Amino acid sequence: MLSLAGKKAAGSTRAVGSSFVRQKHTLPDLKYDYGALEPAISGKIMELHHKKHHQTYVTNLNVAEEKYAEAAGKEDVKGEIALQAAIKFNGGGHINHTLFWEGLAPTSQGGGSGPSGALQSAIVDQYGSMEKLIGNMNTTAAGIQGSGWAWLVKNTETQKLDVLTTPNQDPVIGKYIPILGIDAWEHAYYLQYNNVKADYFKAIW
Ligand SMILES: [Fe+2]
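About the criteria used
Residues numbered from 1 in each chain as written. Predicted model: local features only at pLDDT ≥ 70, side-chain atom pairs only at ≥ 80, totals over all residues. Helix = DSSP H or I, 4+ residues; strand = E, 2+ residues; numbered from the N terminus. Rg over C-alpha atoms; globule rule 2.2 N^0.38 Å. Buried ≥ 20, exposed ≤ 12 C-beta atoms within 10 Å, placed from the backbone. Contact = placed C-beta atoms within 7 Å. pLDDT = per-residue confidence, 0-100. Domains from an automatic or database assignment. Pairing = 2+ DSSP bridges. Arc of directions from axis to C-beta. Core = buried A, V, L, I, M, F, W, Y, C linked by C-beta atoms within 7 Å.

Participant: Please clarify how the overall build of the protein should be interpreted in this entry.
Facilitator: When helices and strands are tallied, the protein shows 7 helices and 3 strands. When the helices and strands of the protein are placed in sequence order, the string is α-α-α-α-α-β-β-β-α-α. Relative to the globule expectation of 17 Å for 205 residues, the C-alpha radius of gyration of the protein, 18 Å, shows essentially globular dimensions. Expressed as lengths along the three principal axes of its C-alpha atoms, the size of the protein is roughly 55 × 40 × 30 Å. The buried share of the protein, reckoned over its 205 residues, is 30%. Contacts in the protein between residues at least 24 apart in sequence constitute 68% of all its contacts with a sequence separation of at least 6.

This is the structure:
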(Lines give C-alpha, C1' and ligand atoms only; values in the text may rest on other atoms or scores of the structure.)
Protein backbone atom coordinates (compact mmCIF):
# COMPACT_ATOMS: atom_id res chain seq x y z
CA MET A 1 0.00 0.00 0.00
CA LEU A 2 1.20 3.44 -0.76
CA SER A 3 2.41 5.47 2.14
CA LEU A 4 2.74 9.18 2.52
CA ALA A 5 3.38 8.81 6.24
CA GLY A 6 6.65 10.33 7.27
CA LYS A 7 6.84 12.53 4.21
CA LYS A 8 7.50 15.86 5.79
CA ALA A 9 6.74 18.09 2.87
CA ALA A 10 6.55 18.17 -0.88
CA GLY A 11 9.99 17.58 -2.26
CA SER A 12 11.44 15.58 0.57
CA THR A 13 12.39 12.72 -1.74
CA ARG A 14 16.06 12.05 -1.81
CA ALA A 15 17.95 11.82 -5.05
CA VAL A 16 18.49 8.37 -6.48
CA GLY A 17 20.51 7.30 -9.47
CA SER A 18 23.86 7.34 -11.07
CA SER A 19 26.68 9.76 -10.59
CA PHE A 20 29.60 10.50 -12.82
CA VAL A 21 31.75 8.18 -10.76
CA ARG A 22 31.60 4.88 -12.61
CA GLN A 23 30.35 2.25 -10.27
CA LYS A 24 27.96 -0.63 -10.78
CA HIS A 25 24.37 -0.02 -9.90
CA THR A 26 22.79 -2.64 -7.69
CA LEU A 27 19.26 -3.76 -6.92
CA PRO A 28 18.15 -2.10 -3.68
CA ASP A 29 16.77 -4.33 -0.93
CA LEU A 30 13.13 -3.89 0.00
CA LYS A 31 12.28 -2.82 3.54
CA TYR A 32 9.47 -5.40 3.69
CA ASP A 33 8.81 -8.97 2.55
CA TYR A 34 7.40 -9.66 -0.88
CA GLY A 35 4.12 -10.87 0.65
CA ALA A 36 3.80 -7.97 3.10
CA LEU A 37 1.61 -5.87 0.80
CA GLU A 38 -1.03 -8.56 0.29
CA PRO A 39 -3.87 -8.46 -0.51
CA ALA A 40 -3.25 -5.15 -2.33
CA ILE A 41 -0.28 -6.51 -4.28
CA SER A 42 0.46 -10.23 -4.36
CA GLY A 43 3.79 -11.56 -3.19
CA LYS A 44 4.31 -13.19 -6.58
CA ILE A 45 3.98 -9.86 -8.37
CA MET A 46 6.31 -8.17 -5.90
CA GLU A 47 8.94 -10.88 -6.27
CA LEU A 48 8.87 -10.87 -10.07
CA HIS A 49 8.68 -7.10 -10.22
CA HIS A 50 11.67 -6.62 -7.94
CA LYS A 51 13.89 -9.63 -8.72
CA LYS A 52 13.26 -9.81 -12.46
CA HIS A 53 11.97 -6.53 -13.86
CA HIS A 54 13.91 -4.09 -11.69
CA GLN A 55 17.02 -6.28 -11.82
CA THR A 56 16.87 -6.22 -15.63
CA TYR A 57 16.88 -2.41 -15.65
CA VAL A 58 19.88 -2.41 -13.31
CA THR A 59 21.77 -4.98 -15.38
CA ASN A 60 21.09 -3.22 -18.67
CA LEU A 61 21.97 0.17 -17.21
CA ASN A 62 25.35 -1.16 -16.11
CA VAL A 63 25.96 -2.63 -19.58
CA ALA A 64 24.96 0.61 -21.31
CA GLU A 65 27.13 2.73 -19.02
CA GLU A 66 30.10 0.46 -19.60
CA LYS A 67 29.67 0.72 -23.36
CA TYR A 68 29.22 4.47 -23.05
CA ALA A 69 32.49 4.78 -21.15
CA GLU A 70 34.23 2.77 -23.86
CA ALA A 71 32.76 4.98 -26.58
CA ALA A 72 33.72 8.11 -24.67
CA GLY A 73 37.23 6.77 -24.20
CA LYS A 74 37.53 6.41 -27.97
CA GLU A 75 35.89 9.80 -28.57
CA ASP A 76 33.22 7.89 -30.50
CA VAL A 77 30.45 10.48 -30.43
CA LYS A 78 28.14 8.45 -32.65
CA GLY A 79 28.52 5.53 -30.30
CA GLU A 80 27.78 7.74 -27.31
CA ILE A 81 24.62 9.09 -28.95
CA ALA A 82 23.45 5.60 -29.89
CA LEU A 83 23.59 4.53 -26.23
CA GLN A 84 21.57 7.41 -24.82
CA ALA A 85 18.16 5.77 -25.35
CA ALA A 86 19.29 2.66 -23.44
CA ILE A 87 20.67 4.78 -20.60
CA LYS A 88 17.45 6.80 -20.40
CA PHE A 89 15.21 3.72 -20.44
CA ASN A 90 17.16 1.56 -18.03
CA GLY A 91 18.33 4.43 -15.84
CA GLY A 92 14.75 5.67 -15.63
CA GLY A 93 13.54 2.15 -14.86
CA HIS A 94 16.08 1.88 -12.02
CA ILE A 95 15.22 5.29 -10.54
CA ASN A 96 11.46 4.88 -10.92
CA HIS A 97 11.34 1.45 -9.32
CA THR A 98 13.63 2.50 -6.47
CA LEU A 99 11.21 5.36 -5.72
CA PHE A 100 8.23 3.02 -6.11
CA TRP A 101 9.50 0.55 -3.49
CA GLU A 102 10.19 3.43 -1.10
CA GLY A 103 6.66 4.74 -1.59
CA LEU A 104 5.11 1.41 -0.63
CA ALA A 105 4.80 -0.02 2.86
CA PRO A 106 2.78 -2.69 4.65
CA THR A 107 0.10 -1.35 6.99
CA SER A 108 2.31 -2.28 9.98
CA GLN A 109 4.87 0.23 8.65
CA GLY A 110 2.45 3.04 7.84
CA GLY A 111 1.16 1.82 4.48
CA GLY A 112 -2.26 3.12 3.60
CA SER A 113 -1.96 6.04 6.00
CA GLY A 114 -2.17 9.58 4.83
CA PRO A 115 0.48 12.24 5.08
CA SER A 116 0.91 14.74 7.88
CA GLY A 117 2.34 18.21 8.30
CA ALA A 118 3.05 20.48 5.35
CA LEU A 119 2.31 17.84 2.73
CA GLN A 120 -1.11 17.13 4.19
CA SER A 121 -1.85 20.86 4.31
CA ALA A 122 -0.75 21.30 0.70
CA ILE A 123 -2.94 18.40 -0.45
CA VAL A 124 -6.02 19.72 1.34
CA ASP A 125 -5.32 23.25 0.12
CA GLN A 126 -4.94 22.23 -3.53
CA TYR A 127 -7.17 19.18 -3.92
CA GLY A 128 -9.70 19.52 -1.08
CA SER A 129 -8.89 16.21 0.56
CA MET A 130 -6.63 13.16 0.33
CA GLU A 131 -9.54 11.24 -1.20
CA LYS A 132 -9.83 13.79 -3.99
CA LEU A 133 -6.10 13.62 -4.67
CA ILE A 134 -6.34 9.81 -4.84
CA GLY A 135 -9.22 10.11 -7.31
CA ASN A 136 -7.23 12.57 -9.38
CA MET A 137 -4.13 10.37 -9.44
CA ASN A 138 -6.07 7.21 -10.22
CA THR A 139 -7.94 8.86 -13.10
CA THR A 140 -4.63 10.19 -14.38
CA ALA A 141 -2.98 6.76 -14.09
CA ALA A 142 -5.92 5.07 -15.84
CA GLY A 143 -5.56 7.49 -18.73
CA ILE A 144 -1.99 6.43 -19.54
CA GLN A 145 -1.88 4.89 -22.98
CA GLY A 146 0.59 2.05 -23.08
CA SER A 147 3.18 1.87 -20.30
CA GLY A 148 4.11 4.66 -17.93
CA TRP A 149 3.93 6.17 -14.48
CA ALA A 150 1.63 8.49 -12.55
CA TRP A 151 3.33 10.84 -10.13
CA LEU A 152 2.59 13.24 -7.33
CA VAL A 153 5.32 15.84 -7.65
CA LYS A 154 6.39 19.20 -6.34
CA ASN A 155 6.72 21.89 -8.97
CA THR A 156 9.75 23.90 -7.89
CA GLU A 157 8.69 26.93 -9.94
CA THR A 158 5.21 27.29 -8.47
CA GLN A 159 6.05 25.55 -5.15
CA LYS A 160 2.78 23.65 -5.65
CA LEU A 161 1.92 19.99 -6.00
CA ASP A 162 1.17 18.58 -9.42
CA VAL A 163 -0.11 15.25 -10.69
CA LEU A 164 1.52 14.17 -13.92
CA THR A 165 2.48 11.14 -15.95
CA THR A 166 5.69 10.03 -17.63
CA PRO A 167 5.70 7.56 -20.53
CA ASN A 168 7.66 4.29 -20.61
CA GLN A 169 10.44 4.56 -18.00
CA ASP A 170 11.00 8.29 -18.33
CA PRO A 171 11.90 9.60 -14.87
CA VAL A 172 10.60 12.80 -13.30
CA ILE A 173 13.12 15.49 -14.14
CA GLY A 174 13.51 19.24 -14.57
CA LYS A 175 11.46 21.48 -12.36
CA TYR A 176 9.59 18.56 -10.78
CA ILE A 177 10.58 16.61 -7.70
CA PRO A 178 8.85 13.23 -7.34
CA ILE A 179 7.02 12.55 -4.09
CA LEU A 180 5.09 9.39 -4.91
CA GLY A 181 4.90 7.28 -8.06
CA ILE A 182 2.48 4.61 -9.26
CA ASP A 183 3.80 2.06 -11.72
CA ALA A 184 1.16 1.75 -14.45
CA TRP A 185 2.99 -0.90 -16.46
CA GLU A 186 1.05 -4.14 -16.93
CA HIS A 187 3.85 -6.04 -15.18
CA ALA A 188 2.87 -4.20 -11.98
CA TYR A 189 -0.65 -5.65 -11.79
CA TYR A 190 -1.64 -8.03 -14.57
CA LEU A 191 -0.97 -11.33 -12.74
CA GLN A 192 -3.45 -10.29 -10.06
CA TYR A 193 -5.83 -7.78 -11.60
CA ASN A 194 -5.77 -8.85 -15.26
CA ASN A 195 -7.22 -6.08 -17.41
CA VAL A 196 -8.97 -4.27 -14.51
CA LYS A 197 -6.18 -1.86 -13.74
CA ALA A 198 -8.58 0.54 -12.01
CA ASP A 199 -8.87 -1.99 -9.17
CA TYR A 200 -5.07 -2.08 -8.83
CA PHE A 201 -4.93 1.71 -8.63
CA LYS A 202 -7.63 1.70 -5.92
CA ALA A 203 -6.03 -1.10 -3.92
CA ILE A 204 -2.52 0.27 -3.97
CA TRP A 205 -3.50 3.19 -1.73
FE1 LIG B 1 7.53 -1.79 -12.94
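Participant: What exactly am I supposed to notice about the confidence of the model for the protein here?
Facilitator: Looking at the protein, the pLDDT average stands at 92 and 91% of residues meet or exceed 70. Between residues 8-19, whose pLDDT stays under 50, and residues either more than four places distant or in other chains, the model counts 26 contacts.

Participant: What am I meant to see in the domain arrangement of the protein here?
Facilitator: Reports of interface size often rely on the accessible area that becomes lost once the parts have come together. When cut into domains, the protein gives domain 1 (41-109) and domain 2 (117-203). For domain 1 and domain 2, the distance between their C-alpha centres works out to 20 Å. Taken together, the contact pairs 13 residues of domain 1 with 13 residues of domain 2. Of all the elements in the fold, those that place two or more residues in the side of domain 1 that touches domain 2 are helix H1 (43-73) and helix H3 (84-103).

Participant: What exactly am I supposed to notice about the pairing of strand E3 (residues 176-183) here?
Facilitator: Two faces make up the sheet, and in a regular strand the side chains alternate between them. Within E3, 6 of the 8 residues are buried, which leaves the element mostly enclosed by the surrounding structure. Pairing of strand E1 (residues 148-155) with E3 involves 7 bridges; the strand directions are antiparallel. Across the sheet, Lys154 pairs through a bridge with Ile177, a residue of E3.

Participant: What is the right way to look at helix H7 (residues 197-204) in this model?
Facilitator: Given 3.6 residues per turn, any residue in an α-helix points the same way as the ones three and four places further on. Residues of H7 that are buried: Tyr200, Phe201 and Ile204. Relative to the axis of H7, the buried residues are bounded by an arc of 95° and lie together on one face. Where H7 is buried, its residues contact helix H5 (130-142), E3 and helix H6 (190-193).

Participant: I would appreciate a short explanation of the nonpolar core in the present structure.
Facilitator: Soluble globular proteins: nonpolar side chains tend toward being buried together. Counting 33 residues, the largest nonpolar core has Ala150, Ile182 and Ala184 as its most contacted members. Contributing elements (two or more residues each) for this core: H1, H3, helix H4 (117-127), H5, E1, E3 and H7. When residues of this core are assigned to domains, at least three map to each of domain 1 (41-109) and domain 2 (117-203). Once you skip the residues sitting within four places of it in the chain, Ala150 turns out to touch Met137, Thr140, Ala141, Ile144, Val163, Thr165, Ile182 and Ala184.

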